[in-house]
Amino acid sequence: MSLPSRAWLVWPLLAALALSGCDKVPLLAPTNTTIRLIVGLGVLPIAGSTEITAIVIESAGTPVQNGTAVTFTSTLGTVEPREARTTNGQVTVRYVAGSQSGTAKIGAFSGGSKSDLVDILVGAAAAGAVALRASTPFVPSTGGTADVIATVVDTGGNALRGAPVRFTTTFGELSQTSVLTNDAGEARSQLTTNVTAEVTARVGTGATAPEGKVTITARDLPSLAIEVSSPLGGNATTTEVGLPVSLKLTPSANSGIRSAVVDFGDGIVTRLGPVATATTLTHTYNRTGSYTVTVTATDALGFSGTSSVIVTVTDRGTVPLQLTVQSNSALIVSFNASVQGSFTGTIRTYDWDFGDRTGTTTTGPTTSHRYLAAGVYVIRVSVVTTTGQQGFTEITIRVA
């Protein structure tokens, strides 16, 4: 009688163990079950994510039993979790794209039933078009920088975040050659060049990968050539205190000068508006010294170029004169006042003092005078040039 009583104790335990083992076996969909996938987003950036829902319906049209296991597959990226159980015939998981661009093919299966594959475009594979623009179409030929901005949209025309953009250029250097687009679908780099360059922004690889191009042109700086004219003649960049010097400013071809600033080097600055043709300015220096005249020209693009010249200012010089007697007979004496050295100015007047309390003014260097009595006389002559310079000399003569 003891053995049967023990059997009754063992069988319930064996039954419990059997039921526990059955719970560990996943519940799968029956034959002819339909699995349909719904994707939240069909386009994703690099490292982006979206929800995927599997709807599992038996052949009779009713949802599968709660807890039915569904397994997901992906050719790119990961599905989290890879296996999930249904509630009311549905199960939702999350697809996470990795760091690679491409087309992820997502599938699901349970038992002998499986879904059709759905596609999710990731990164460059989702790009539909690329537009490239520059912050400025020009840089100075001396060297400059321009921002280049690529805007990437997906096949639906929406800004595409996380798309890898590769920048290349025909000349110059780029600050970055590979950039991911931001939330606005933009990727930026900076070109530094001193020659005309074409920049290309490309998303993905292959002959059909979308790309954009922009040309940045190197342009000569505007300039004004300076031509100096001095009333002294000779070395045009040399003048004297108080004498006006003339500056002729000639713009370079196609420079389109919007404004110019002339700094005479002595604290005086003159501002000019547009300079389309040659323009002449005059300036008078009040002190001796060497002055650097600097002209800064600015065009409509904001580019500026400078040119300069040194003007030397000396003290007011005197005219070197020599006075000679050309003839002396019968109380009539003829005189000649000649300029010596390399003086090239123009004498305006000659003032004569004949030493007998008489005199005259001429515009030429010669004159004659009749004395009333023989004797010794001191003859003086002074000159004034057209620029205000002066000169003076004298001689002593005996009139017989």
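For the structure, see preceding data.
All values reported here derive from a predicted model rather than from experimental measurement.

Draft legend 1. The sheet that holds strand β14 (residues 164–169), seen in detail. With respect to topology, five strands assemble into an open sheet ordered β12-β19-β18-β14-β16, the strand pairing being mixed. Unpaired on one side and paired on the other, β12 (138–140) and β16 (178–180) mark the two borders of the sheet. Averaged over all neighbouring strand pairs, the angle between strand axes comes to 25°, with direction disregarded.

Draft legend 2. Broad picture of the sheet that holds strand β24 (residues 269–272). A sheet is described by the order of its strands in space; here five strands give the open sequence β21-β27-β26-β23-β24, paired in mixed fashion. Edge positions in the sheet fall to β21 (238–240) and β24, since each of these pairs with one other strand and no more. Put simply, the sheet's adjacent strands are angled 25° from each other on average, direction ignored.

Draft legend 3. A look at unusual backbone geometry. The step from Glu80 to Pro81 runs through a cis peptide bond, and the omega angle for that step is -10°. With respect to the secondary-structure elements, Pro81 resides in the loop between β5 (78–80) and β6 (83–85). Its identity as a non-glycine residue notwithstanding, Asn32 has a phi of 65°, on the positive side. Its location among the elements puts Asn32 in the loop between α1 (2–23) and β1 (34–39). One non-glycine residue, Arg357, lies in the positive phi region at around 70°. Tracing the backbone shows Arg357 in the loop between β30 (347–353) and β31 (359–362). We classify Arg357 as exposed; its relative accessible area is 86%.

Draft legend 4. Region of the structure containing the pairing of strand β32 (residues 366–370). Where burial is concerned, the two faces of β32 differ: the one with Thr367 and His369 is buried and the one with Thr366, Ser368 and Arg370 is not. Summarising the sheet, strand β29 (residues 332–339) and β32 pair through five bridges and their orientation is antiparallel. By the bridge assignment, Phe335 is partnered in β32 with Thr367.

Conventions adopted
Residues numbered from 1 in each chain as written. Predicted model: local features only at pLDDT ≥ 70, side-chain atom pairs only at ≥ 80, totals over all residues. Heavy atoms only, no water. Pairing = 2+ DSSP bridges. Helix = DSSP H or I, 4+ residues; strand = E, 2+ residues; numbered from the N terminus. Axes fitted to C-alpha atoms, helices over the stretch in contact; angles between N-to-C directions. Buried < 20%, exposed > 50% of the residue type's maximum accessible area, 1.4 Å probe, protein only.

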